[in-house]
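# Examination of the molecular architecture
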Amino acid sequence: MDNLIENLRAIVGREAVLSEPSELLVYECDGLPQHKYLPRAVVFPTSTEQTAAVMRVLADAGVPFTPRGAGTGLSGGALALSRGVVIELARMRKVLSIDAGNRTATVQTGVVNAHVSKAVAHLGLHYVPDPSSQGSCTIGGNLAENAGGIHCLKYGTTTDHVIGARVVLAGGEIVDLGSNEGTAGYDLLGVFVGSEGTFGIATEATLRLVPVPPAVRTLLAEFPEVDDASHAVSAIIAAGVMPAALEMMDSEIIRAVEASVFAAGLSLDIGAALLVELDGIEAGIDDEAERVKSICLEYRARTCRLARDEKERKTLWAARKGAFGAVGRIAPDSMIQDAVVPRSRLPEVLAASYGIAKKYELRLANVFHAGDGNLHPFICFDSRSAEQVRRVKEAGRELMETCVAAGGTITGEHGVGFDKRDYLPLIFSDDDMDTMLGVRAAFDPLGLCNPGKIIPMLRGCGEARAVTLTASPAIAKQLSEASSSLGPRASRPHERGANTQVDLGAGKAAGNGRQRLEPDDAAKRLFAIVGEANVSVFPSPRLPALLSVAPQSIEQASEVMKHAARGSWSVVPSGSASWLNAGNPLSSANVVINTLGLNQVLDHEPADLVASAQAGVTLQTFNQTLSAGGQWLPLDPPDDGRSTLGGVVATGMAGAQKCGYGMPRNFVIGMRVVLPDGKIVKAGGRVVKNVAGYDLCKLFTGSYGTLGLIVELTFKLRPVPAKEVSVLARGSLEAIVRVAQSVHEARLFPAGLELVSRALGHRIGVEMADNDVLLLTRFAGIEKTVSYQVERAITHLRGEAGVAEIETVSNDRNLWSLLAAAPMQLDEIVSWRATVPTTRVSGFLGRVNEKYPVTISKSIWQAGIADGRIRVMEEPKLTRAAEESSRLTHLRTLAESFGGSLVIESAMDEIKTTLDAWGPRASSDNVMKRIKHELDPQGILSPGRFVSAKRAT
């Protein structure tokens, strides 16, 4: 008798455990049948608690496990290697709750993707991610792979639409993960999504729902050649059009589809068909459709027409989604690849792919998400021929190498899994993969979660990751010369403890008012790395006796960090130093590494909607550069023109236009980071869709410089709106909140919907009567659409009693710039921000007004009625720190009672030493501590700001 099987049956029931070989055959592979491994058993839990109990039993026995949903994956990710146990979630298919007001749904992760939208269709809502297998794939599988689909060009992938998850870790520990959008701490949810079951098992997920677009237009363009269609794709994006979907099928796929049940009446003598879908408000959408049509015709489309009605639209999309099944008409077997290239490189890469197929005497059929550059070439063959199988493997690798050489990645939505793990070194270095393994070990210290996936097998999960500090030869020579010149009294910083304040040199007043250094040995070593002109005394009364080091290159930043690690110096990453005191007080600080010398905009390709820059470039400069190509990075964090891209990402904060555009986490697609040991590692890449490896961009975004120094960033962009108009309305708090909710529920899709206090209104040039508040509603887009939105918004405002002085402001950028700048222009304030569900913003503000009326009537505050974000800035009561701490504690408790959280952004040290700035982290705290320990084992980066480096249990 197998005791493990009996123990599992005692938890879930005898019928919920399969162990006979004949029963296990169906679970030996996923949707990619080229790889087959028979599991030891398959277990069907029906709840989070059962899943946790199963995983405790497996942990006690040291048996690895693999989570599985519908088995539609195409990377071998659901294979139980080494006779592991499959934990099958297909029976966990309950929709647990639907919150129409806050546009969320909480589901068990065995729920089928398409069933979510069906469950909320009567509310006029839907769940956006729509992979081709959405009729059968599950939410859990979508989380594991960060699934995309046809409409992710405009709306993003799974990671942009999951706002919470209940996860069971390998030992049976249950943790609740959220993005740092509304919770304190690292974005654990962001890095968990796409981890392919190697971090733990998600049993419940809270999903973001969006309104069904009021208007949709679908166009079919037929081209004589694939090359023509590819150039049209780049031209559509470069023209500033943002389609909801942009899909292509080549002639092989078209013929296969037209011979199948998915036939849609496509011409059989064309080289490629392009499907373009636009959605939004009815006003203006036909103008956009005409723009797309004219571009397609300009690039030699034979025809370009609108779907006649909803029936034809559905037929066209059924043909596109049925392409995978139709390939069986071309050959007995096919190997589907999944790579992404920059949109601007599509023509050459597609030409190369057909050349590769010809070279290996294979038949190739292409269907892909053209708007994302996400290719899905089907290599068709007969698996009964060993020679063909060999050629397919060689052709597949050459395809991957070609895509990577073009600046792309090895997978955009199918994942790495087992099938592509040996390709990972094509895009990541050993140091990159070691960093990924460190994060993996933080989630799964036992090494039992889906082992053998993603990271190449020879590395192994849990492999020892030795830290080696080595300088480049040139800088090593400079350091050696500097050290030898110091004589026998040279300091030995490596002997000092990790939390000891290091005397790095005294400052004396220079003639220009800047402090001049009288350097000690340590400062001289830094001179050797960055030059004396780039080392100074950091000008801060709160962080005394610090050196500010400004590396002029990424390599210099790496050497400074290595030097700090040798001496166990505490390092504080900094950009414009705007948020240097954020979070809890630092337990020690020796060196500030300033990124302002890393100030180069590296590249911008409008056809790709992507740009890269070093971290010291300001957001303002970056957007000024991008504007020449008609594009921008649509972020408006607190910023008076000084905020650097690195600082914006490190804080992860959003501003008043979050509801329209999102947060930094939604736009960062790649970065380079200097780790505490000086290694330079890469996360993400340069394409808008990428699920190769772990999404460490999410982890570093919002980490406040506690895990690494961000030195380079790549962003996806948006077209600059043709028109921007703001509608202003003044009135009482109660009336303005009511009308703001009315505008929000009208589904006019504003870029911003912000409540502003009288005091803040005065700062941005808008005067109001006593006790009034201001509603700023911003619309951005094409002219006809914006005009319609403004007209409808004014109608809602005029229909509300208590609302007066309605006006519109065109050319409103200065207004919103002043709003973003306000938090940066206030000295010595107590600043806090809360996040609550959107339907509870008014209730929360009302309770604050009841308890602390001066806060609402006199303080500077703003609130996002459509995203639940509230920021309050008040003058501190310097003689009453204890009373202030008590008030902030009560406000935090109040926010939590409304289902939210509260973070203290700025406060006196007397307050921060008695009150945690971030608030409770509950079940995820141990994971955060383990991540901090894995990436910063010495605890030298901003120690104390977020979490301790002490290893958690």
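Up top is the structure these notes are about.
Presented here is an overview of the structure given in this document. (Residues numbered from 1 in each chain as written. Predicted model: local features only at pLDDT ≥ 70, side-chain atom pairs only at ≥ 80, totals over all residues. Heavy atoms only, no water.)

### Details of the nonpolar core
Grouped together as the largest cluster of nonpolar side chains are 178 residues, with contacts concentrated most on Leu-274 and Phe-443. Filtering out sequence-adjacent residues up to four positions away, Phe-443 remains in contact with Leu-169, Leu-177, Leu-188, Val-191, Phe-192, Phe-199, Val-927, Arg-930 and Ile-931. Listed in part, the 31 residues of the second largest apolar core include Leu-8, Leu-24, Met-55 and Ile-87. (Core = buried A, V, L, I, M, F, W, Y, C linked by side-chain atoms within 4.5 Å. Buried < 20%, exposed > 50% of the residue type's maximum accessible area, 1.4 Å probe, protein only. Contact = heavy atoms within 4.5 Å.)

### Considering the packing of helix α13 (residues 346-359) against helix α14 (residues 386-405)
Across the interface, α13 lies against α14 with an axial gap of 10 Å and an inter-helix angle of 160°. Looking at the two axes, α13 sits roughly antiparallel to α14. For the element pair α13 and α14, the recorded crossing hand is right-handed. Along the contact surface, α13 presents Val-349, Ala-352, Ser-353, Ile-356 and Lys-359, while α14 presents Ala-395, Glu-398, Leu-399, Thr-402 and Cys-403. For the contact of α13 with α14, the per-class residue count stands at 6 nonpolar, 2 polar and 2 charged. (Axes fitted to C-alpha atoms, helices over the stretch in contact; angles between N-to-C directions. Helix = DSSP H or I, 4+ residues; strand = E, 2+ residues; numbered from the N terminus. Parallel < 35°, antiparallel > 145°, perpendicular 65-115°, else oblique. Left-handed = near helix turned anticlockwise from the far one by under 90°. Nonpolar A, V, L, I, M, F, W, Y, C, P; charged D, E, K, R; others polar.)

### Notes on the pairing of strand β37 (residues 830-835)
For β37, a buried count of 6 out of 6 residues is recorded, marking the element as mostly surrounded by other parts of the structure. Bridge count between β37 and strand β39 (residues 869-874): 6 bridges; the pairing is antiparallel. Of the residues in β39, the one forming a bridge with Ala-834 is Ile-870. Pairing geometry for β37 and strand β40 (residues 901-906), over 5 bridges, is antiparallel. (Pairing = 2+ DSSP bridges.)

### Focus on unusual backbone geometry
Positive phi, close to 45°, is recorded for Asn-450, a residue that is not glycine. Among the structural elements, Asn-450 can be located in the loop between α15 (430-443) and α16 (473-484). Here Asn-450 falls in the buried class, since its relative accessible area comes to 1%. Within the chain, Leu-609 stands out as a residue other than glycine whose phi angle is a positive 55°. Among the secondary structure elements, Leu-609 is positioned in the loop between β26 (601-605) and β27 (610-614). Judged by relative accessible area, which is 3%, Leu-609 ranks as buried.

### Overview of the pairing of β39
Each regular strand shows side chains that alternate between the opposite faces of the sheet. Taking burial as the measure, the 6 residues of β39 include 6 buried ones, the bulk of the element. Burial along β39 is two-sided: the face carrying Arg-869, Arg-871 and Met-873 and the face carrying Ile-870, Val-872 and Glu-874 are both buried. Across 5 bridges, strand β38 (residues 860-864) lies against β39 in antiparallel orientation. The residue bridging Gln-862 from the neighbouring strand is Arg-871, located in β39.

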